[in-house]
Amino acid sequence: MRPEHIEASPKLGHIGIVHLGLGAFHRAHQAVYLERYRQRSGDADWGVCSANLRAGVGLVDGLNSAGYRYHVAEYADSDTLKLREIGVIEEALFTGRDTAGHWSRDREALLARMASAETRIVTLTVTEKGYFLNPATGDLRDDDPMIAGDIASPEQPRTAPGLLVEALARRRAAEEAPFTVLSCDNMPDNGQRTRRAVVELAKRRDPALAGWIANEVAFPSSMVDRIVPAMTEADFERLAALGVNDPNAVVCEAFTQWVVEDHFPLGRPGWEADGVEMVADVAPFETMKLRMLNGSHSLLAYLGSLAGIETVFEGVGHPELRALLRRYMLEEAAPTLQMPEGTNLEAYADSLLARFANDSLRHRLQQIAMDGSQKLPQRWLLGTVEHRRSGHDSPCVALGMAAWIRYTDGEDLQGQRYIVDDPMARRFAALHQAHGGDPSALVAAFLAMDDVVPGALATDEDFAQNVLKAYRTLTQGGLDGALAAIACS
Ligand code: NAI
Ligand code: CS2
């Protein structure tokens, strides 16, 4: 297979965008749109300074030594590959804790870049947990040691909200107009959630600053969609066989979508011609994607992981699992959506299943399963509250919750142990310790976690009974038993 190879644009040295969260998705999504834009327009204004605030110094230093160029391998399927070289990143910085345990090597450089008049947009992919918001209520988690640290030392911030507040404080002091803040994380209403984290944190520092941010800073929301699995050794080997030896490369599907609320007071790239959809209200698109794509992803992640299935591709190859995902999407997610006239949600569901069946992506279920406490409210639970309120049962989500609860014990149904990667992992372990022998008490304890489960579900007796029934079926009859039981419901 000879891939189509697209060279990077020349380096232009101007930085108009700072990105927080130099991860795989940023490199395969926002940076690709910006590369397409720069190649088509020649516009020099929108180069990117990308920063890692946590782990990831290797990637930052790797990009620095590679002249800030890397490759994106876009697979439509195992026989169709487009290889792009990306050059829009002009600077990479690290403000996390280095191997010697010191924090914030490049914090001052990053803050100076964010405070610079040249910077007109700050984008983020810091994962759902990077905003330090209570997943169920959206309140700032000011009891978190990282946020507490930023409250105590606001001029030496370590978190994304802290960096945004300090950079905005510097711009306000310099009478510089604020940049636009654009979240590209999988959260509903991600612009307003980012705004809430920033304004609430600013209030603890200076109410006048918080008021200025609330009134003057634009926080448009965006819906982002491209499946970008974490790289595996096999991915790097596959690229090396094509002559691409690039430790900073990313692999992704060919599909990509970015729907953005058009609210950029200091301007933005004219990226509509490069596939970015600019809209007045992104909410319907965001909710549809989070509940149908991400909700079925999470259903697959917990049920598949417990059954020892490793990837999305393998999981959707299981006919009963595939049927469950489709049933969840059409019977439990789609009825909760308010979509524009003519939206065909059945076609959308089938397009998602086709994307999941992409045989050239090794999208590990364990990666999707991580941070469930931060993901499930917007993927399953808020929609289920609405679904239950309209008098419907939610057997698929009840099974999903049972699988998530069992998953958080750190052992699959074959007795294979794994690390539960979640900010609340210790709480889960304590609940399993306390109630492990009593499924009814265990399910009740998980449903009572009011910073994950909306109150309306926690007090929904029928839902709780369905979760408990599914938990018992799953733990006694395995995946096949659980799928057979739900097929009859
Ligand atoms: P990744 O693991 O490659 O990168 C995660 C990034 O988040 C890293 O830069 C890491 O330093 C940063 N991060 C993690 N915790 C943080 C914290 N507490 N504070 C500040 N930064 C933190 O993951 P990837 O694939 O880049 O995904 C990142 C986010 O992008 C996802 O959580 C999701 O919100 C969004 N996304 C990812 C997609 C994908 O398929 N990978 C698709 C659509 C959205
Ligand atoms: C996945 C998402 O890791 C996960 O939680 O569900 O990253 C998913 O790949 C993207 O949202 C697809 O756009």
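Small disclaimer: the values here were computed from a predicted structure and weren't measured. (Residues numbered from 1 in each chain as written. Chains lettered and ligands numbered in written order. Predicted model: local features only at pLDDT ≥ 70, side-chain atom pairs only at ≥ 80, totals over all residues. Heavy atoms only, no water.)

K.L.:
I tried to follow the nonpolar core on my own but got confused; where do I start?
P.N.:
It is characteristic of soluble globular proteins that their nonpolar side chains tend to be buried jointly. Met 292, Leu 303, Leu 324, Phe 356, Trp 380, Met 401 and Trp 404 are the most contacted members of the largest nonpolar core, which has 79 residues in total. In terms of residues, this core owes the most to one element, helix H20 (residues 461–487), which gives 11 residues. Mapped onto the domain boundaries, this core takes at least three residues apiece from domain 1 (4–279) and domain 2 (283–487). Non-local contacts of Leu 324, meaning those with residues more than four positions away in its chain, are made with Leu 299, Leu 303, Cys 396, Leu 399, Leu 483 and Ile 486. Within the second largest apolar cluster, 40 residues are counted, among which are Val 18, Leu 93, Leu 124 and Ile 213. (Core = buried A, V, L, I, M, F, W, Y, C linked by side-chain atoms within 4.5 Å. Buried < 20%, exposed > 50% of the residue type's maximum accessible area, 1.4 Å probe, protein only. Helix = DSSP H or I, 4+ residues; strand = E, 2+ residues; numbered from the N terminus. Domains from an automatic or database assignment. Contact = heavy atoms within 4.5 Å.)

K.L.:
Please clarify how the packing of aromatic side chains should be interpreted in this entry.
P.N.:
Geometry of an aromatic ring pair is reported as the spacing of the ring centres plus the angle between the planes. Applying the stated criterion across every chain yields a total of nine aromatic pairs. On the numbers, 5.5 Å between centres and 45° between planes, the contact of Tyr 33 with Trp 258 is tilted. In this pair, Tyr 33 is assigned in helix H2 (residues 30–41) and Trp 258 in strand E11 (residues 257–261), connecting sequence segments 225 residues apart. For the pair Tyr 33 and Trp 258, a shared accessibility class is recorded, and that class is buried. Note on Trp 404 and Phe 428: the rings are 5.3 Å apart at their centroids and 85° apart in plane angle, and the pair reads as edge-to-face. (Phe/Tyr/Trp six-rings, centres within 6.5 Å; stacked < 30°, edge-to-face > 60°.)

K.L.:
I would appreciate a short explanation of the site of ligand 2 in the present structure.
P.N.:
All residues in the neighbourhood of ligand 2 are listed as Asn 186, Asp 225, Arg 226, Ile 227, Lys 289, Leu 293, Asn 294, His 297, His 363, Ile 368, Lys 375 and Arg 379. Lys 289 is positioned with one of its side-chain polar atoms (N or O) 2.6 Å from an oxygen atom of ligand 2. In the environment of ligand 2, an oxygen atom lies 2.8 Å from a nitrogen or oxygen atom belonging to the side chain of Lys 375. Contact with the protein chains hides 88% of the accessible area of ligand 2, taken as 340 Å² for the molecule alone. When residues of the shell around ligand 2 are traced back to their parent elements, those giving at least two are helix H10 (283–306) and helix H15 (372–389). Among the elements that make up the shell around ligand 2, the one with the highest residue count is H10 (four residues). Taken together, the residues of the shell around ligand 2 sort by class into three nonpolar, four polar and five charged. In this structure, the shell around ligand 2 is formed jointly by two domains, domain 1 (4–279) and domain 2 (283–487), each of which donates at least three residues. (Near = heavy atom within 4 Å. Polar contact = N/O pair within 3.5 Å; in protein donor to acceptor, adjacent residues only side chain to side chain. Areas by Shrake-Rupley, 256 points an atom, 1.4 Å probe, with all protein chains shown as cover. Nonpolar A, V, L, I, M, F, W, Y, C, P; charged D, E, K, R; others polar.)

K.L.:
Whenever I open this one, the state of the cysteines confuses me. Can you help?
P.N.:
Joining two cysteines, a disulfide is a covalent bond between their sulfur atoms. Tallied over the entire structure, the rule returns zero disulfides. Sulfur of Cys 49: no disulfide; nearest cysteine sulfur belongs to Cys 184 and is 15 Å away. We note that Cys 252 lacks a disulfide partner, and the nearest cysteine sulfur, in Cys 184, lies 15 Å from it. Residue classification places Cys 252 among the buried residues on the basis of a relative accessible area of 0%. (Disulfide = S-S within 2.5 Å.)

K.L.:
What am I meant to see in the site of ligand 1 here?
P.N.:
The immediate surroundings of ligand 1 are formed by 22 residues, with Ala 24, Phe 25, Asn 52, Asp 185 and Asn 186 found nearest. Here an oxygen atom of ligand 1 sits 2.9 Å away from a polar atom, N or O, in the main chain of Ala 24. In this structure, Asp 185 approaches ligand 1 through a side-chain N or O atom, which is 2.6 Å from an oxygen atom. A total of 820 Å² of accessible area belongs to ligand 1 in isolation, and the protein chains cover 82% of it. Looking at the shell around ligand 1 residue by residue, the class counts come to 10 nonpolar, seven polar and five charged.

K.L.:
What exactly am I supposed to notice about the pattern of salt bridges here?
P.N.:
As a working rule, side chains carrying opposite charge can pair if their charged atoms are close by. In the structure shown here, the tally under the stated rule is 34 salt bridges. Between Arg 170 and Glu 108 there is a salt bridge; the shortest N-O distance is 2.7 Å. Residue Arg 170 is found in helix H6 (residues 160–173), and its partner Glu 108 is found in helix H4 (residues 107–115); the two are separated by 62 residues along the sequence. Residue classification places Glu 108 among the partly exposed residues on the basis of a relative accessible area of 46%. By sharing partners, the salt bridges in this structure join Glu 108, Glu 166, Arg 170 and Arg 205 into a single network. (Salt bridge = Lys/Arg side-chain N within 4 Å of Asp/Glu carboxyl O.)

Take it as geometry only, folks, not as evidence of what the structure does.
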